[in-house]
Protein chains: 2
Amino acid sequence: MRILVTNDDGIFSPGIKALGLAMRALGEVYVVAPDVEQSAVGHGITVRRPLRFKHTASAGFGEIPAYRVDGTPADCVVLGVHLLGRPDLLVSGINIGVNLGLDLTHSGTVAAALEGTSLGIPSIAFSLDTSGEELNFEEAARFAVAIARFVAERGLPQGTLLNVNFPPRPRGVRVTRLSTHHYEDTVVERLDPEGRPYYWIAGQPVGEEEEGTDLWAVRQGYVSVTPVSLDFTDYGFKARLEALLQDHPLPLP
Amino acid sequence: MRILVTNDDGIFSPGIKALGLAMRALGEVYVVAPDVEQSAVGHGITVRRPLRFKHTASAGFGEIPAYRVDGTPADCVVLGVHLLGRPDLLVSGINIGVNLGLDLTHSGTVAAALEGTSLGIPSIAFSLDTSGEELNFEEAARFAVAIARFVAERGLPQGTLLNVNFPPRPRGVRVTRLSTHHYEDTVVERLDPEGRPYYWIAGQPVGEEEEGTDLWAVRQGYVSVTPVSLDFTDYGFKARLEALLQDHPLPLP
């Protein structure tokens, strides 16, 4: 089995090193990751400028082929698949910090798994709650191998990925739904040396800790495993909207 | 009513100009958009560097307050809401080219609407099929006003946005589900003047034209209106995965 390992914290992150080395237990590993941290760059594919793809012996992967790309996590997946061959499994992470709820619309870690999924490759995103610091990346990576083995043996439905979050001190596993976890953005204004304003976006995590959600699971000390679909259609509202538009047609051609 | 207008093609795009000017029919408009094209940057929020927020009289919006940001579409939404106040409605576009199916995982146009939705603001993304060139942005913007009025009067469910695509020659409206439309990526290798390789990602649009999907609707000449949910959980597979993991527990703590 061939396993493509990527992330969004960059190829020199301890999270991807632990994940890449641990995945050798399952098969042949290759690493393609951004050259610098790409947190919150989201799902972009770089099409307006060319990309470099460079072997990176210094990242500490030993005999594992490891390449860095001056682009996004999704770029790494596209280049990795085209230049090194299609993997049987894609794993992304281990991210420094959780990716829960509405974080998924921003997360580069999950973006790589979305890209893999849209290419038809079974894909898993792994993130670690590093606020407590009880679990290290090597321990988390051992759990990641167990989950990856499960996926390799049983597969995933077409168009579905797994988003996995590790709590600081795991006491079990829960299959979860996404929460409303997100960052309440604030904007901080500063003045540059010439007196002109500039702005920092900063966020505080907020969200309902409802039972059964990913946020609830991680807070309760469970490894959260959320199946995520590429089909973002809101089927419930779709039916209502059809009925509404039947009764109140839009004044369009 | 206050309407925030944004996009991902940049503040100087003809699509946002047509949309912003047309939206005056519904209320007080303000424009906050990227300073340069941000296509396929996806859903990123810029938190590792500060941002500028500059009044941009030269974008052709006349009396409408118009600001450019050196960041992503989602950055524009966050800064616009914080610095100019919360809108009653957010519209993003009109994008040059469709945003269908799996494009949504990359689209900056949709990313802005996702950001608005996660802030609790009713949000709509508009894109125009420019391959045929029969419909101009001013015509598309008139249809956009009709759809925005419908949303302003009836609201949207919490956590749901509308993704709207205009065909070259509209002959009606269809409420649709997302297709499997995406870009089959290819990687083109070139050599720089010193003989070192670099890579372009290029893509060809592919996808099943199944009846009822956004791709089908646009190909058939209908305005496609897709309700999109922020909750990406795959509930169908979630139940199966729970049963599977009950029978085959993962070897985790």
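Just so we're clear, the structure is a prediction, and the values are computed from it rather than from any experiment. (Residues numbered from 1 in each chain as written. Chains lettered and ligands numbered in written order. Predicted model: local features only at pLDDT ≥ 70, side-chain atom pairs only at ≥ 80, totals over all residues. Heavy atoms only, no water.)

Caption draft 1: Spatial organisation of the interface of chain A and chain B. Residue-level contacts link 80 residues of chain A with 80 residues of chain B. Across the chain A to chain B interface the summed buried area is about 7,300 Å²; carbon plus sulfur atoms make up 70%. A salt bridge links Arg52(A) to Asp192(B); the shortest N-O distance between them is 2.9 Å. Inspection of the region where chain A meets chain B yields 20 residue pairs in polar contact (both at pLDDT 80 or more). By residue class, the composition of the side of chain A that touches chain B is 45 nonpolar, 18 polar and 17 charged. (Contact = heavy atoms within 4.5 Å. Buried area = accessible area lost by both parts, 1.4 Å probe. Salt bridge = Lys/Arg side-chain N within 4 Å of Asp/Glu carboxyl O. Polar contact = N/O pair within 3.5 Å; in protein donor to acceptor, adjacent residues only side chain to side chain. Nonpolar A, V, L, I, M, F, W, Y, C, P; charged D, E, K, R; others polar.)

Caption draft 2: Broad picture of the UniProt feature "binding site: a divalent metal cation" (unreviewed entry) in chain A. Residue and element names in this part refer to chain A. Per the UniProt entry, the sites bearing "binding site: a divalent metal cation" (unreviewed entry) are Asp 8, Asp 9, Ser 39 and Asn 95 in this numbering. In this fold, Asp 8 is placed in the loop between β1 (2-6) and α1 (14-23). For Asp 8, a relative accessible area of 3% puts it in the buried group. (UniProt positions renumbered as here; feature names shortened; annotations may be inferred. Helix = DSSP H or I, 4+ residues; strand = E, 2+ residues; numbered from the N terminus. Buried < 20%, exposed > 50% of the residue type's maximum accessible area, 1.4 Å probe, protein only.)

Caption draft 3: Structural context of the relation of the copies chain A and chain B. Of the transformation superimposing chain A on chain B, the axial component is 0.0 Å and the angular component is 180°, with the fit at an RMSD of 0.0 Å. Overall, the copies show the geometry of a two-fold rotation axis. (Least-squares fit on C-alpha atoms with pLDDT ≥ 70 in both.)

Caption draft 4: Just the pairing of strand β1 (residues 2-6) of chain B, in detail. Residue and element names in this part refer to chain B. Extensive coverage of β1 is indicated by the burial of four of its five residues. Where β1 and strand β2 (residues 28-34) come together, four bridges link them in parallel fashion. The partner of Leu 4 across the bridge, within β2, is Tyr 30. Taken together, β1, helix α1 (residues 14-22) and β2 constitute a β-α-β crossover, and its handedness is right-handed. Where β1 and strand β5 (residues 89-96) come together, four bridges link them in parallel fashion. Note on β5: the bridge partner recorded for Ile 3 is Leu 89. (Pairing = 2+ DSSP bridges. Right-handed = clockwise from strand over helix to strand, strands pointing away.)

Caption draft 5: Molecular detail of the packing of aromatic side chains. Scanning all chains against the criterion turns up 11 aromatic pairs over all chains. Here the aromatic rings of Phe53(A) and Tyr67(A) are separated by 4.6 Å at their centres, their planes lie at 10°, and the arrangement is stacked. On the criterion of sequence distance, the pair formed by Phe53(A) in strand β3 (residues 53-55) and Tyr67(A) in strand β4 (residues 66-69) is long-range, its members being 14 residues apart. Residue Tyr67(A) is classed as buried on the basis of its relative accessible area, which comes to 19%. Arranged with centres 5.9 Å apart and planes meeting at 5°, the rings of Phe126(A) and Phe166(A) form a pair that is stacked. Separated by 40 residues along the polypeptide, Phe126(A) in strand β6 (residues 123-128) and Phe166(A) in strand β7 (residues 160-166) bring together distant segments of the chain. One exposure class covers both Phe126(A) and Phe166(A), and it is buried. Among the aromatic residues, those joined into a cluster by ring pairs are Phe53(A), Tyr67(A) and Tyr199(B). Just above the ring of Tyr222(A) sits the side chain of Arg174(A); from NZ or CZ to the centre is 4.0 Å. (Phe/Tyr/Trp six-rings, centres within 6.5 Å; stacked < 30°, edge-to-face > 60°. Lys NZ or Arg CZ within 6 Å of the ring centre and 35° of its normal.)

Caption draft 6: Looking closely at the pairing of β4(A). All names here are of chain A. By the bridge criterion, four bridges tie strand β2 (residues 28-34) to β4 in an arrangement that is parallel. Paired with Pro 34 across the two strands is Val 69, which belongs to β4. Inspection of the sheet shows β3 paired to β4 by three bridges, in the antiparallel sense. Bridging across to β4, Phe 53 finds its partner in Val 69.

Caption draft 7: Geometry of the nonpolar core. Counting residues in each nonpolar core, the largest one holds 44 residues, and the members touching the most others are Met23(A), Val91(A), Ile124(A), Phe126(A), Ile147(A), Leu162(A) and Phe166(A). Take this core: its biggest share by element is 10 residues, from helix α4 (residues 137-154) of chain A. Beyond its immediate sequence surroundings of up to four residues, Val91(A) is in contact with Ile3(A), Leu4(A), Val5(A), Thr6(A), Leu19(A), Met23(A), Ile124(A), Phe126(A) and Ala148(A). Counting 43 residues, the second-largest nonpolar core is a separate cluster that includes Phe237(A), Leu135(B), Phe143(B) and Leu156(B). (Core = buried A, V, L, I, M, F, W, Y, C linked by side-chain atoms within 4.5 Å.)

Caption draft 8: Summary view of the packing of helix α2 (residues 73-84) of chain A against helix α3 (residues 108-118) of chain A. Residues and elements named next belong to chain A. Relative orientation of the contacting elements α2 and α3 amounts to 35°, with a least axis distance of 7 Å. Here α2 and α3 pass one another in a crossing that is right-handed. Listed contacts from α3 to Pro 73, Ala 74, Val 77 and Val 78 of α2 are Gly 108, Ala 112, Glu 115 and Gly 116. Classifying every residue of the contact of α2 with α3 by side-chain character gives five nonpolar, two polar and one charged. (Axes fitted to C-alpha atoms, helices over the stretch in contact; angles between N-to-C directions. Left-handed = near helix turned anticlockwise from the far one by under 90°.)

Caption draft 9: Up close: the pattern of salt bridges. Scanning all chains against the criterion turns up 16 salt bridges over all chains. A salt bridge links Arg196(B) to Asp192(B), with the shortest nitrogen-to-oxygen separation between them at 3.1 Å. Looking at Arg196(B), the relative accessible area reads 43%, which means it is partly exposed. Among the salt bridges present, the one from Glu209(B) reaches Arg219(B), with a minimum N-O distance of 2.7 Å. Here Glu209(B), found in the loop between β10 (197-206) and α5 (214-219), pairs with Arg219(B), found in helix α5; they are 10 residues apart in sequence, far enough to count as distant. Taken together, the salt bridges that share partners define one network made up of Arg52(A), Asp192(B), Glu194(B) and Arg196(B).

Caption draft 10: The side chain of Ser179(B), seen in detail. All names here are of chain B. By the secondary structure assignment, Ser 179 is in the loop between β8 (173-175) and β9 (182-191). Of note is the side chain of Ser 179, whose polar atom sits 3.1 Å from the backbone nitrogen of His 181. For Ser 179, the side chain forms a polar contact with the side chain of Asp 214, separated by 2.7 Å. Those residues in contact with Ser 179 that lie beyond four places of it in its chain are Leu 100, Gly 101, Leu 102, Glu 208, Thr 213, Asp 214 and Leu 215.

Caption draft 11: Representation of the sheet that holds β2(B) within the structure. Residues and elements named next belong to chain B. Strand order in the open sheet formed by nine strands is β3-β4-β2-β1-β5-β6-β7-β11-β8, with mixed pairing between adjacent strands. Looking along the sheet, the strands with just one partner apiece sit at the ends: β3 (53-55) and β8. Put simply, the sheet's adjacent strands are angled 25° from each other on average, direction ignored. Packing against the sheet, helix α2 (residues 73-84) makes contact with β1, β2, β3, β4 (66-69) and β5, and its axis sits at approximately 140° to β2.

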